[in-house]
Amino acid sequence: MLATKYENLYYEQRQGTLHHYIRFMKNGKPFKRKVSVGLSHKEANKIALSMREQIEQNSLNTNDETIEVLFRKMVNQKKHFMYSRFEKNSNSLFKHLAVISKHTINSLKIDDLQAIINQGLNNQFSPASMFQIKRLLIDIYSIAKVENIARKIEIPKFDNTVYFDIHIDDARRLYKAILNYPDLIYRSIFLFGVQGRRKAEIAYLKWSDLDLKNQRYFIRPENNKARRLVSYSLMDEHIEILELLSRESEFVHINENGKPLYYFQKRWKKFLKNNQLDNMRFHDLRHMLGCLAINEGFSEEYIAKALGHTTTAMVKRYSRLKDSSATMVTTSIQNLLTGG
């Protein structure tokens, strides 16, 4: 870790991307926290100064602050280096904590936190959803000077196997319908979905992330779960579409207001209905790539690369179907879908 010219600000460079950290002594002990990803030293220093002030204020009397106040502080500290929708998603999750939002953190016991999880399960929320609530509580407790009892919350083990399957004939019909979709922006979005990209990765893709000459595109650290810069190949058919799209915005896929196009559920459902295709989520295009790739005999390492996973653990979710590089996977599956 290297020092910048700014006091207490340090950085690392990973695959060409700057990762900034703040380091200083707190209560006689060294303190370190991540500040930002992909910003300049000057921009990161502005955030670091604000972050240090917040950290020092938090350390004064966090025991007497409410869960809601601590939640806001946590979001403000993390939103600078987390994914683009971190704040919005956190606010959505926080609604589950309404019953304790006005309680001070030192007044709560593990039974109070466990009761929230149990109530959620009783209300038919999935264990996976409750796991997200647990993670949120752990993050809230992490900025307070108290024991992080949220780590002791118990959640029943759940099966995260992807029970999604699609016949190759239906997959080919789906792919053909996407290639013939008249709206170029949505055709591009759907093709990125077939390549295994998540909605946020597609919505916040910028023209500066594309290298059409070398047929590559990049997903920035703040927009993917790996938290590092990753790159993938572009197919010829996709490049032809991208070259026809307007560049009036910094983002590739925009709505009528010029904002990143993230919500298109109605359009996706209408597309499926018009093509007499079984109802499926847009996210299932990722599962389709994973399932077809496993059936084609690709290794878990290759599939993990294609889907943007840092380990093969998530790929094992597809293992019930059938026990190099991302380019090999996506190219092979494209040939499979076109009948080649």
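One structure accompanies this document, and this report is about it.

Reading the values: the criteria
- Every chain begins its residue count from 1, and numbering advances along the sequence as written.
- At least 70 in pLDDT is required for a residue's local features to be given in this predicted model, at least 80 for side-chain atom pairs to be given and counted, and no such filter applies to totals for whole chains, interfaces and linings, which use all residues.
- With hydrogens and water excluded, all non-hydrogen atoms of the structure serve as input to the side-chain values.
- Note on conventions: DSSP H or I runs of at least 4 residues are helices, E runs of at least 2 residues are strands, and numbering of each starts at the N terminus.
- In this scheme, a residue with accessible area under 20% of its type's maximum is buried, one over 50% is exposed, and one in between is partly exposed, where area comes from a 1.4 Å probe on protein chains only.
- Two strands are counted as paired when DSSP detects at least two bridges linking them.
- For this quantity, the arc is that covered by the directions from the helix axis to the C-beta atoms.
- By definition in these notes, contact holds between two residues if any of their heavy atoms fall within 4.5 Å.
- Between the N-to-C directions of two axes lies an angle of 0 to 180 degrees, each axis being a line fitted to C-alpha atoms and, for a helix, fitted only over the stretch in contact.
- Note on angle classes: values under 35 degrees are labelled roughly parallel, values over 145 roughly antiparallel, values of 65 to 115 roughly perpendicular, and the remainder oblique.
- For any helix crossing, the convention is left-handed if the near helix is rotated counterclockwise from the far helix by under a right angle, and right-handed if that rotation is clockwise.
- Amino acids outside the nonpolar list (Ala, Val, Leu, Ile, Met, Phe, Trp, Tyr, Cys, Pro) and the charged list (Asp, Glu, Lys, Arg) are all regarded as polar, and Gly is one of them.
- For the purposes of these results, a polar contact is taken to be a pair of N or O atoms within 3.5 Å, where, inside protein, one atom must be able to donate a hydrogen and its partner to accept one; residues adjacent in sequence count only when each atom of the pair is a side-chain atom.
- Given the number of residues in a helix, its expected span is that number minus one, multiplied by 1.5 Å.
- Any Phe, Tyr or Trp ring, taking Trp's six-membered ring, that has another such ring centre within 6.5 Å forms a pair; planes under 30 degrees apart are called stacked, those over 60 apart edge-to-face, and the others tilted.

## Examining the overall build of the protein
Scanning the protein for helices and strands turns up 13 helices and seven strands. By residue count, 45% of the 340 residues in the protein fall in the buried class.

## As for the sheet that holds strand β5 (residues 210-211)
Taken together, three strands build an open sheet; the order of strands is β5-β6-β7 and the sheet is antiparallel. This sheet does not close on itself; its edge strands, each paired only once, are β5 and β7 (230-233). Bridging between β5 and strand β6 (residues 216-219) involves two bridges; their strand directions are antiparallel. Each bridged residue has a counterpart across the sheet, and for aspartate 211 the counterpart in β6 is arginine 216.

## Structural notes on helix α10 (residues 265-274)
Counting along an α-helix, one turn takes 3.6 residues, and residues three or four places apart therefore face a common direction. Trp268, Phe271 and Leu272 are the residues of α10 that are buried. The buried side chains of α10 occupy one side of the element, clustering within an arc of 95° when seen end-on. Opposite the buried face of α10, at more than 90 degrees from it, the exposed residues are Lys266, Lys270, Lys273 and Asn274. As for α10, its buried residues are in contact with α6 (168-179), α7 (184-194) and α11 (284-295). Directly beyond the C-terminal end of α10, a positive phi value near 50° is found at glutamine 276.

## Examining the packing of helix α4 (residues 110-122) against helix α5 (residues 127-142)
Here α4 crosses α5 at 160°, and the two axes come no closer than 9 Å. When the interaxial angle is binned, α4 and α5 end up roughly antiparallel. You can see that α4 and α5 cross each other, and the crossing is right-handed. Here Leu113, Ile116, Ile117, Gly120 and Leu121 of α4 lie close against α5, whose contacting residues are Pro127, Met130, Ile133, Lys134, Leu137 and Tyr141. Here the contact of α4 with α5 is composed, by residue class, of nine nonpolar, one polar and one charged.

## Some points on the side chain of histidine 253
Relative to the assigned elements, histidine 253 resides in the loop between α9 (236-242) and α10. What makes histidine 253 buried here is its relative accessible area of 0%. In terms of polar contacts, histidine 253 uses its side chain to reach the side chain of serine 188, at 2.7 Å. Reaching out from histidine 253, the side chain makes a polar contact with the backbone oxygen of isoleucine 202 at a distance of 3.4 Å.

## Considering α6
Its 12 residues place the ends of α6 16 Å apart at the C-alpha level, agreeing with the 16 Å of an ideal helix rising 1.5 Å per residue. For α6, every residue scored as buried is listed here: Ala171, Leu174, Tyr175, Ala177 and Ile178. Seen end-on, α6 carries its buried residues on one side only, within an arc spanning 160°.

## Focus on the packing of aromatic side chains
The way to describe two aromatic rings as a pair is by their centre distance and the angle between their planes. In total, this model carries 17 aromatic pairs according to the counting rule given. Plain terms: the ring middles of tyrosine 181 and phenylalanine 271 are 5.5 Å apart, the flat faces sit at 85° to each other, and that makes the pair edge-to-face. With tyrosine 181 in the loop between α6 and α7 and phenylalanine 271 in helix α10, this residue pair connects regions lying 90 residues apart in the sequence. Its relative accessible area of 12% is what places tyrosine 181 among the buried residues. Here tyrosine 186 and phenylalanine 190 contribute two aromatic rings whose centre-to-centre distance is 6.3 Å and whose plane-to-plane angle is 50°, an arrangement assigned as tilted. Within this pair, tyrosine 186 and its partner phenylalanine 190 are both found in helix α7, separated by four residues, close to a single helical turn. With respect to class, tyrosine 186 is no different from phenylalanine 190; both count as buried.

Nothing here speaks to function; it is geometry throughout.
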